[in-house]
Amino acid sequence: MLISSRTLALHRRRRQQPWWRWSPQRCLVKVRLKWVKNRGLDHIIDRDTNVKAACLLKDAIAAAPSGLLSARSLAPLQKNLGLTVPLLRFLRRYPTLFHEQPHPRFPSLPAFSLAPASLLLHRREQDAFVSTLPDDSAHRLARLLMMARSRALPVASISPLRYDLGLPSNFSSALPAARPDLFTLSRRRSDGAPVLSLTAWPEHLAVSALQIRHRDALAQPSTAPLVFPMKFPRDYGSMNKVKAWMEDFHRLPYVSPYEDTSGIDPQSDLMEKHVVGVLHEFLSLTIHKKTKRTYLRSLREELGLPHKFTRIFNRYSGIFYLSLKCKTITVVLREGYERGKLVEQHPLALLRDKFYYVMRTGILYRGKGCSKLAFEEDDLFGEQVGVDNEQQHNDFDEADDSSDEEEYYELDDSDAEG
């Protein structure tokens, strides 16, 4: 934290001087990199989209008083789930998770309840939330609020991130009750919308993932800046122009996402590196080290992101990867994955892997006028959790990009999303 304090003190002194005396000029070379498809990360996003949709549907059915919801009641969730198939077809595809039955009042209307395997996983998930609620879940949400300029966010803006951040469905009431020292739930005066805000500033949480990664270096007196891990697409890392550009970028001071940046020129290279740090920290807070671009867009002003922040992802493709799978734009933290697997296996991520395994063990195939329920394993909760199948599809590394198709694509914030 020594470097962080020096940087903050330097900015405080500079704010007392004219901006032209301290503001770093634009010196980074503008390097235009073409977007390269990564089939491995695209496959992960395709897989996790189905898992997320199944988990959110499970939560909706479990929250129903009768534990039963009609297909018509679940239909409004179609858009938010990000599915590329009709919702009813998706529910019927996984009978090990969702049990279909006639509606008690309207027999012609299909209704769904949770299958035994899904109920068991739901209970395990709730137990995991209870055990991690005071610490892990609270700390992730607190860090998000600490990055916000107002130290507060509307509940409606946090709700889409609930799955990505590993928060319980009732986080807006459960977290303030469990940690009143961190959170306060109030109503916005203008429209009465619920707002979650920080009760106090937890100094021990104001440490970014990059600072934790370089903890040993920070413990020693040094003025060397912190370096972001880079995983460039094939051939990019060997380009002399890219190397020179990244060296200049790393020489800039690292300004923590939790520091005051009011004294930094918004058009400077230092501010651009700070924005990279904010996006890096935000993705580091997520369970699966990725999220949708639309979720970031709703927090753009609070996080201090530029209007067209998608250009940052394109510009620093060694840190981030943009995927166009599932009719949306997803941003991934490259360092979060190694050979198709998460580097940091959170307990919720392991539980969701079991959820994915249960989905694969009983898929209802419909073809040639017949239906077949195929089970791959007898033990739905075996220790392997489909490791063999997952390794068969995901056993890759950056060297495998040689088989990927390279496509020129200038992705911008104006691109439409599904």
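In this text the structure is predicted, and so the values were computed from the model without any measurement.

As a further point, take the overall build of the protein chain. In terms of helices and strands, the protein chain carries 19 helices and 13 strands. Within the protein chain, the fraction of its 418 residues that count as buried is 52%. In the protein chain, once contacts between residues fewer than 6 apart in sequence are set aside, the share between residues at least 24 apart is 70%. About 20,700 Å² of surface is accessible on the protein chain, with carbon and sulfur atoms providing 52% of the total.

Further remarks concern helix 7 (residues 116–147). Between its first and last C-alpha, helix 7 extends only 41 Å over 32 residues, short of the 46 Å set by a 1.5 Å rise per residue. Taken as a whole, helix 7 carries its principal kink of about 85° at L133; the proline P134 stands between one and four residues after it.

The next subject is the packing of aromatic side chains. Tallying each qualifying case throughout the model produces 7 aromatic pairs. Put simply, the rings of F228, W245, F249, Y254 and Y316 pair up and form one aromatic cluster. Here K273 stacks its cationic end above the ring of F249, 5.2 Å away from the centre of that ring.

Turning our attention to the sheet that holds strand 7 (residues 290–292). With antiparallel pairing, 3 strands are arranged side by side in an open sheet as 7-9-8. The strands lining the two open edges of the sheet, one partner per strand, are strand 7 and strand 8 (320–323). Direction aside, neighbouring strands of the sheet carry axes that sit 20° apart on average. Across 4 bridges, the pairing between strand 8 and strand 9 (residues 330–333) is antiparallel. Within strand 9, the position partnered with S323 by the bridge is T330.

Overall, antiparallel pairing links the 3 strands, which are arranged 4-6-5 in an open sheet. At either end of the open sheet lies a strand with only one pairing partner, and these are strand 4 (152–154) and strand 5 (183–187). The mean inter-strand angle of the sheet, taken between neighbouring strand axes irrespective of direction, is 25°. Note that strand 4 and strand 6 (residues 194–198) share 3 bridges and pair antiparallel. Paired with P154 across the two strands is V195, which belongs to strand 6. Helix 7 rests against strand 4, strand 5 and strand 6 of the sheet, and its axis sits at about 90° to strand 6. Its contacts with the sheet put helix 10 (residues 171–178) on strand 5 and strand 6, and the angle it makes with strand 5 is roughly 135°.

With 5 of 5 residues buried, strand 3 (residues 110–114) is to be regarded as a mostly interior element. Alternating positions in strand 3 separate into two faces, P110, F112 and L114 on one and A111 and S113 on the other, with burial throughout. By the bridge criterion, 5 bridges tie strand 2 (residues 98–102) to strand 3 in an arrangement that is antiparallel. Each bridged residue has a counterpart across the sheet, and for P102 the counterpart in strand 3 is P110.

Parameters at a glance
- Residues numbered from 1 in each chain as written.
- Predicted model: local features only at pLDDT ≥ 70, side-chain atom pairs only at ≥ 80, totals over all residues.
- Heavy atoms only, no water.
- Helix = DSSP H or I, 4+ residues; strand = E, 2+ residues; numbered from the N terminus.
- Buried < 20%, exposed > 50% of the residue type's maximum accessible area, 1.4 Å probe, protein only.
- Contact = heavy atoms within 4.5 Å.
- Areas by Shrake-Rupley, 256 points an atom, 1.4 Å probe, with all protein chains shown as cover.
- Expected span 1.5 Å × (residues − 1).
- Bend = angle between axes of the 7 residues up to and from the residue.
- Phe/Tyr/Trp six-rings, centres within 6.5 Å; stacked < 30°, edge-to-face > 60°.
- Lys NZ or Arg CZ within 6 Å of the ring centre and 35° of its normal.
- Pairing = 2+ DSSP bridges.
- Axes fitted to C-alpha atoms, helices over the stretch in contact; angles between N-to-C directions.

By themselves, these observations are geometric and do not establish any function.
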